[in-house]
Protein chains: 2
Amino acid sequence: MNIKDIANLSGYSVATVSRVLNGHTNVSASAHDKIMSVVNQYNFEPNANARELKRNEKDPIAVIVKGRNNLLFADIIEIIHTTLDAIGEEVYVAYLDEDENEVRFALRHQMASNPRGILFLGGELEYFKQHFGMIACPCVLITNSTTSLSFPNLSCVLTNDEQASFDIVNEIIKAGHQSIGIVGGNLSQGQISARRLSGAIRCMACHNIGFNIHTHYEPSRYSMQEGYDAFKRLIARTPDITAVYALGDVIAIGAMRAAIDSGYSLPCDMSFASFDGIQGARFCVPRLTTVRQDSTLLAQYGVSTLLKMMSTAEPLPVCCIVPHVIQQGESIIKPRT
Amino acid sequence: MNIKDIANLSGYSVATVSRVLNGHTNVSASAHDKIMSVVNQYNFEPNANARELKRNEKDPIAVIVKGRNNLLFADIIEIIHTTLDAIGEEVYVAYLDEDENEVRFALRHQMASNPRGILFLGGELEYFKQHFGMIACPCVLITNSTTSLSFPNLSCVLTNDEQASFDIVNEIIKAGHQSIGIVGGNLSQGQISARRLSGAIRCMACHNIGFNIHTHYEPSRYSMQEGYDAFKRLIARTPDITAVYALGDVIAIGAMRAAIDSGYSLPCDMSFASFDGIQGARFCVPRLTTVRQDSTLLAQYGVSTLLKMMSTAEPLPVCCIVPHVIQQGESIIKPRT
DNA sequence: CTGAAAGCGCTTACAG
DNA sequence: CTGAAAGCGCTTACAG
């Protein structure tokens, strides 16, 4: 069943059928009604490949997701889908591993499908620096800053990781803690962990609290299991800490579980704070005090920025900082004296 | 940049370029080398729309996901992606709301894109009964049984929800509980919740334990917040229960939090068991005793079943039951006497 | 308002 | 081994 069949069945030409299908107005009411009746009778949908091949030779908006196990990204993708569905935009989502080169992938995808716009969820700035120049369509990087790059077709929307990290560590310090361990991230790759760490260190410095990265910091990937293991290593090395700041909620959930298994009772013996504000943070025991990244805003600004760029002849790249908010839980209390 | 440009640049015809690009063997080594060198120089990728339009006029495998917030599905999708990527199959994923008609969607998608196969994650049998007859390609429904339908191009892979539910409730009863509340699901739609409930009831009946669905059962959608609320309603109505069986881990996590907020201490005052085996179940406090659905096997059997059907002229629909396993946690202990 | 025709970028018989 | 040509299912000037 194709447009030619519909033409035969309705007694009109394929051109007129095509016009009706695309909502053009220069069609008589009787042609419109006749054609739509047979379209509906057969539940006809035009072939997407042929349509895109002609239309403007542009494919749907692409979403390139870096990392498969990221609950925040999962949230954001859902909202992107909902928003774009609502305005009738198709979405193509590609999931890459954390260490894959997303810009290379985008280049290949551009060749094969010529997307009208690309949303990157997560990204390594080094890759952008090297290869992004060959990307032609408007793009938005969500959760990382591109201001150091200044490509004309690349905007970004993100949380101010450094300041947010400062703010949440401030909560720990306000409660009276002087020896704070930090768990999570990998400083050699991904500037995000580095920014969070640096905000934390700045906050401690402001309060004249010492921080030795060799003894008080322990890296970990963003998973419960790795958070669990990292806490165990940290506490074995530096048992005098009274509070832990985990660079992600999933890390914190693993770390808290490790603390409990190590005989600590929470939050009395050890305070915890973290980053992200995933749903589980509000239901775990104790509830996490965390700094919430607004996934809704990240997604909505990401989409609206991209759409604006797509509809403007001379796109003006922007950098959009989404507000964060301290979400009070029960995981921070005064240290034992 | 298209295949014609590559042809000009290399001095061969588009036909020969196309042959090289598709790995045909009837091409001279010199032509192959020359053409590949310019393809690589420009990082050329053939246009996907034009290619699919010609090739066999078939699009990638489609994955139709019912419900956007399902952690088990998220797991399964990830494995599907990985498996299919590895053999060079493209995947198109569509997320529908829980109450959308996935078979109608598949019909429209078939018209527009003519997929070579469809994987349904979740599905309402009623919709399949009504409209699936018009779907032409091989399909596999994951997490629900299609044996009552007998379409020649529809297989299924699922956990035996009824038996798994029986087994986990048996754990509760073995610990000595006599008054068990059940939280979760919605019996009017989605046979899965009904099967889980019925396995639980059968188990109680086997042990001569009474169960009054009006007092001891409380429905809930599959989310932490709804699990929280449902527990509160249940405990207000039926305070004499000593154990709760939640039909999903996320419901259980919400319900446990509600129990704690109601002044219960866990697991001493109230035992919990649930269904699914998501990652968080191993890190929450107390660790959940749950019956694990094997997302890896569900995904792998789903994919391999689909591929087999796609490669066979006369596909033989199968129903594949994936083993479940009781995952011991700390959430079930003897009731207080 | 409508139709005949060109063309989007590919693949694949067909002929050599 | 290679190329000229047809055709996949659409959309859109162009002409009427």
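These remarks concern the structure in this document. Small disclaimer: the values here were computed from a predicted structure and weren't measured.

Parameters at a glance
- Residues numbered from 1 in each chain as written.
- Chains lettered and ligands numbered in written order.
- Predicted model: local features only at pLDDT ≥ 70, side-chain atom pairs only at ≥ 80, totals over all residues.
- Heavy atoms only, no water.
- Near = heavy atom within 4 Å.
- Polar contact = N/O pair within 3.5 Å; in protein donor to acceptor, adjacent residues only side chain to side chain.
- Helix = DSSP H or I, 4+ residues; strand = E, 2+ residues; numbered from the N terminus.
- Contact = heavy atoms within 4.5 Å.
- Buried area = accessible area lost by both parts, 1.4 Å probe.
- Salt bridge = Lys/Arg side-chain N within 4 Å of Asp/Glu carboxyl O.
- Nonpolar A, V, L, I, M, F, W, Y, C, P; charged D, E, K, R; others polar.
- Buried < 20%, exposed > 50% of the residue type's maximum accessible area, 1.4 Å probe, protein only.
- Pairing = 2+ DSSP bridges.
- Right-handed = clockwise from strand over helix to strand, strands pointing away.

**Description of the protein's contact with DNA strand C**
Close to DNA strand C lie 25 residues; A:Thr16, A:Arg19, A:Lys54, B:Ile3 and B:Ser18 are nearest. Between DNA strand C and the protein, one listed contact pairs a base oxygen with a side-chain N or O atom of A:Arg19 at 2.4 Å. Broken down by secondary-structure element, the contributors of at least two residues to the surface near DNA strand C are helix 2 (14–21) and helix 4 (48–54) of chain A together with helix 2 (14–21) and helix 4 (48–54) of chain B. Looking at the surface near DNA strand C element by element, the count peaks at four residues for helix 4 of chain B.

**Description of the interface of chain A and chain B**
At the junction of the two partners, chain A supplies 46 residues and chain B supplies 46 residues. In this assembly, chain A packs against chain B so that about 3900 Å² is buried in total across both faces, 53% of it on carbon and sulfur atoms. The three residues of chain A that bury the most area against chain B are A:Met111, A:Arg257 and A:Phe283, which together make up 19% of that side's buried surface. Summed over the shared surface of chain A and chain B, the number is four salt bridges. Across the pair A:Arg257 and B:Glu330 runs a salt bridge, and its minimum N-O distance is 3.2 Å. Scanning the region where chain A abuts chain B turns up nine residue pairs in polar contact (both at pLDDT 80 or more). Partitioning the side of chain A that touches chain B into residue classes produces 22 nonpolar, 11 polar and 13 charged.

**Concerning the pairing of strand 4 (residues 139–142) of chain B**
Residue and element names in this part refer to chain B. Of the two faces of strand 4, the one holding Cys139 and Leu141 and the one holding Val140 and Ile142 are both buried throughout. Sheet topology places strand 3 (residues 118–121) next to strand 4; four bridges connect them, and they run parallel. Each bridged residue has a counterpart across the sheet, and for phenylalanine 120 the counterpart in strand 4 is leucine 141. Taken together, strand 3, helix 7 (residues 125–131) and strand 4 constitute a β-α-β crossover, and its handedness is right-handed. Where strand 4 and strand 5 (residues 154–159) come together, four bridges link them in parallel fashion. The residue of strand 5 that forms the bridge with cysteine 139 is leucine 154.

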